[in-house]
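Listed below are the residues making up each chain.
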Amino acid sequence: MSLRLRLEHCCVSAYNRGMQQYDAIILGAGASGLYCALHAARRGRSVAVLDHGPKVARKVRISGGGRCNFTNLECGAGHFLSENPHFCKSALARHTPWDVVAFFAEHGIGYEEKAAGQLFSDQGAGRVAGVLAEQCHRSGVAVLLEREIGSVSGTGPFQVETNGESLEAPKLVLALGGRSWPQVGASDLGYRLARQFGLNVVKPRPGLVPLVLSGKEAERCNRLAGTALPVAVSTNGQTFTDDLLFTHKGISGPAVLQVSSYWQSNDPVLVDLMPGRRVEVLVEENRRSNALFRKVLQSCLPKRILPEFIPKSIGETPVSQLSNKQLQQAADALHRWEVIPSGTEGWKKAEVSCGGVDTAELSSKTLEVNKVPGLHVIGELLDVTGHLGGHNLQWAWASAHAVGVLL
Ligand SMILES: Cc1cc2nc3c(=O)[nH]c(=O)nc-3n(C[C@H](O)[C@H](O)[C@H](O)COP(=O)(O)OP(=O)(O)OC[C@H]3O[C@@H](n4cnc5c(N)ncnc54)[C@H](O)[C@@H]3O)c2cc1C
C-alpha cells in the first residue's frame, strides 16, 4: 500500500471508530497531570486528561494533613532520591517554588510557612485541587473522569481506548503517579505502561512510611504509643533530626518517615533519643547533685520514655553516685538505640513511591522518552522521590510545567 493510501486508510478507520483527536493526551488527573494540561491548554493545545477516579487531584486533597504543603523554598536536587541525582535539576531550575507561589497567588491561594521553607496553602488542600480543576476547565482541557484505561497503543500518534471511547494524539504524557495510597486511586498502571514502551522501572518501594518493629521492640513501642520526641535517626549514611512518634506497630513521625525512604530490608536504624545533648555532659553538669539520675533525665526526655530505656537500678541512683559503667550503659541506651525493622507499613501508609520509571531513558529537559518521541513521563511515576516537606509536589509542578510548555 502506498503511503498516501495507508494514511487515507488510517483516517477512515479512525473516523469509523469515532476516534477523538487531540494535540495531547495526559493519563492521570493528579497534581502533575492537571498542571501539565492547563499549561499546554493555555498555549492553545487541545488536551484530554483521563483518570479512573470520580474526582481530580484526590491525593492533593489529602496532602499535608488537609493543608497541602504545596512547595518548599529550599527545594533542590539534594532533597531527592534517584538513581540519577542530577536528573531533576533542569526542571526544578526552570519552574521554581516562587513560580508555584505566584501561580497559586494569582488564583487566590496564599501560603503559611511552617518549618523552614515548607509552604502550606492558607486555603486548605481542597482549594488547591479546586484551582487546578477550574483552571483546566477555563483553558478548555477535556477532563475525562471515571475512565478505565483499556489499551494504549502506537508510538506517535498514540491511541488510548477507554470506556468504549477512542482517543488519538501525537503526544502522550504518563502522569499516573506511584503506588502509594491506593485508597485514593493509586495503581501500578504507570509502571506497566512504561514497561510496554520498553522503559526500565527501578523497583518501586514505599517511601515516607512508618517502620514496623517486631518482638520485644514492638512491645516497647506499643507501650509508648502516642509519645513523640525530637530525635536523630540514621540509616545507610543518612541522618534526619526531627520528631519521632511511637506507634502500636513501631516508629513513625517526620524523622522516621524521612529515613524510611533510604531504608532497605534488614538495614539497621540507629536512633539518638537525645540529639544535641550528651548524657555524659548532663551528668557532669550535675555531678555534685544528689538528685536521682531519673529526675535529671526527665528535664530532657518525656517521662514515659525513661522506664523503657533506663534500668530502674540506674534511674534510681543519685547522679553523684553513678558509676562510669552505669553512665556508659545509659548513654548507649539513649544515644544508640539500634533496631532492625521487620518492614514498613506498606503502600497504604506510604506518602510516596521510591523508585519508578528509570530516568536514564529520558531527556531531563523535555522529560521525553529518547526512543519514543512524543512520549513524556512526569511526576511521582518517575524515579525521582522527594523528602518530606513539599518537595514531592514541587517536583510534580516543575516536571509538569517542563512538558506543558512544550506540547
Ligand atoms: C497522605 C499523603 C500526603 C501527602 N502530602 C504531601 C504534601 O503535603 N506535600 C508534598 O509535596 N507531597 C505530599 N504528598 C505526595 C504528593 O501528593 C505526590 O507526590 C503527588 O501528588 C504526585 O503527583 P502525581 O501527579 O505524580 O501523582 P498523583 O497525584 O498520584 O496522580 C496520579 C493520578 O493517576 C490516576 N491513576 C492511577 N492509576 C490509574 C489507572 N489505572 N487508571 C486511570 N487513572 C489512574 C490517579 O487516580 C491519580 O489521579 C502526599 C502524599 C500522600 C499519600
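Sequence order sets the numbering: in each chain, residues are counted from 1 along the sequence as written. Thresholds applied to this predicted model are a pLDDT of at least 70 for local features of residues and 80 or more for the giving and counting of side-chain atom pairs; totals over whole chains, interfaces and linings are not thresholded and use all residues.

### Regarding the overall build of the protein chain
(1) Moving on: A count of helical and extended segments in the protein chain gives 15 helices and 23 strands.
(2) Moving on: Along the first, second and third principal axes, the C-alpha set of the protein chain runs to 95 × 40 × 35 Å.
(3) Moving on: Whether a residue is buried, exposed or partly exposed is read from the other C-beta atoms within 10 Å of its own C-beta, which are placed from the backbone; 20 or more gives buried, 12 or fewer gives exposed, and intermediate counts give partly exposed. Taking all 407 residues of the protein chain together, 45% fall into the buried category.
(4) Moving on: For every residue pair, C-beta atoms are placed from the backbone, and the pair is scored as a contact if these atoms sit within 7 Å. Residue pairs in contact within the protein chain that sit at least 24 positions apart in sequence constitute 72% of those at least 6 positions apart. Counting from the N terminus, the helices are DSSP H or I runs at least four residues long and the strands are E runs at least two residues long.

### Some details on the site of the ligand
(1) Moving on: Surveying the vicinity of the ligand reveals 37 residues, the closest of which are Gly-30, Gly-64, Gly-177, Gly-185 and Gly-379.
(2) Moving on: At the level of elements, helix H2 (31-42), helix H3 (58-62) and helix H15 (391-404) are the ones that each hand at least two residues to the shell around the ligand.
(3) Moving on: Asp, Glu, Lys and Arg are counted as charged, while Ala, Val, Leu, Ile, Met, Phe, Trp, Tyr, Cys and Pro are counted as nonpolar; the rest, among them Gly, fall into the polar class. Looking at the shell around the ligand residue by residue, the class counts come to 15 nonpolar, 17 polar and five charged. Using a C-beta atom placed from the backbone for every residue, we mark a residue as near a molecule or strand if that atom lies within 6 Å of it.

### Some words on the packing of H2 against helix H6 (residues 125-138)
(1) Moving on: Throughout, an axis means a line fitted to C-alpha atoms (over the contacting stretch in the case of helices), and angles, computed between N-to-C directions, take values from 0 to 180 degrees. At a closest axis distance of 9 Å, the pairing of H2 and H6 adopts a crossing angle of 30°. In the crossing of H2 with H6, the sense of the turn from one axis to the other is left-handed. Residues Leu-34, Tyr-35, Ala-37 and Leu-38 of H2 form the contact with H6, whose own contacting residues are Leu-132, Gln-135 and Cys-136.
(2) Moving on: Taken together, the residues of the contact of H2 with H6 sort by class into six nonpolar, one polar and no charged. Here is the rule for handedness: rotate from the far helix to the near one, and if that takes an anticlockwise turn smaller than a right angle the crossing is left-handed, while a clockwise turn gives right-handed.

### A word on the sheet that holds strand E7 (residues 118-121)
(1) Moving on: Across the sheet, three strands lie side by side as E4-E7-E6; this open sheet has antiparallel pairing. Every interior strand has two partners, whereas the edge strands, strand E4 (69-72) and strand E6 (111-113), have only one. Mean inter-strand twist for the sheet, computed between neighbouring axes without regard to direction, equals 30°.
(2) Moving on: As defined by bridge partners, E4 adjoins E7 across three bridges and the pair is classed as antiparallel. Pairing between two strands requires that DSSP report at least two bridges joining them.

### Notes on unusual backbone geometry
(1) Moving on: Residue Pro-157 is reached from Gly-156 by a cis peptide bond, and omega for that bond is 0°.
(2) Moving on: In this structure, Trp-181 takes a positive phi of about 60° despite not being glycine.
(3) Moving on: Note that Trp-181 resides in the loop between strand E12 (171-174) and helix H7 (189-196).
(4) Moving on: For Trp-181, a count of 19 C-beta atoms within 10 Å corresponds to the partly exposed category.
(5) Moving on: Despite not being glycine, Leu-208 shows a phi value in the positive range, around 45°.
(6) Moving on: Mapped onto the secondary structure, Leu-208 falls in the loop between strand E13 (201-207) and strand E14 (211-212).
(7) Moving on: With 24 C-beta atoms counted inside 10 Å, the residue Leu-208 sits in the buried group.

### Re the sheet that holds strand E10 (residues 158-162)
Think of a sheet as strands paired side by side through backbone hydrogen bonds, with each pair either parallel or antiparallel.
(1) Moving on: The sheet built from four strands is open, its strands ordered E1-E11-E10-E9 with mixed pairing. The sheet terminates laterally at strand E1 (19-21) and strand E9 (149-153), the two strands that pair on one side only. Sheet twist, expressed as the average angle between the axes of neighbouring strands with direction ignored, equals 25°.

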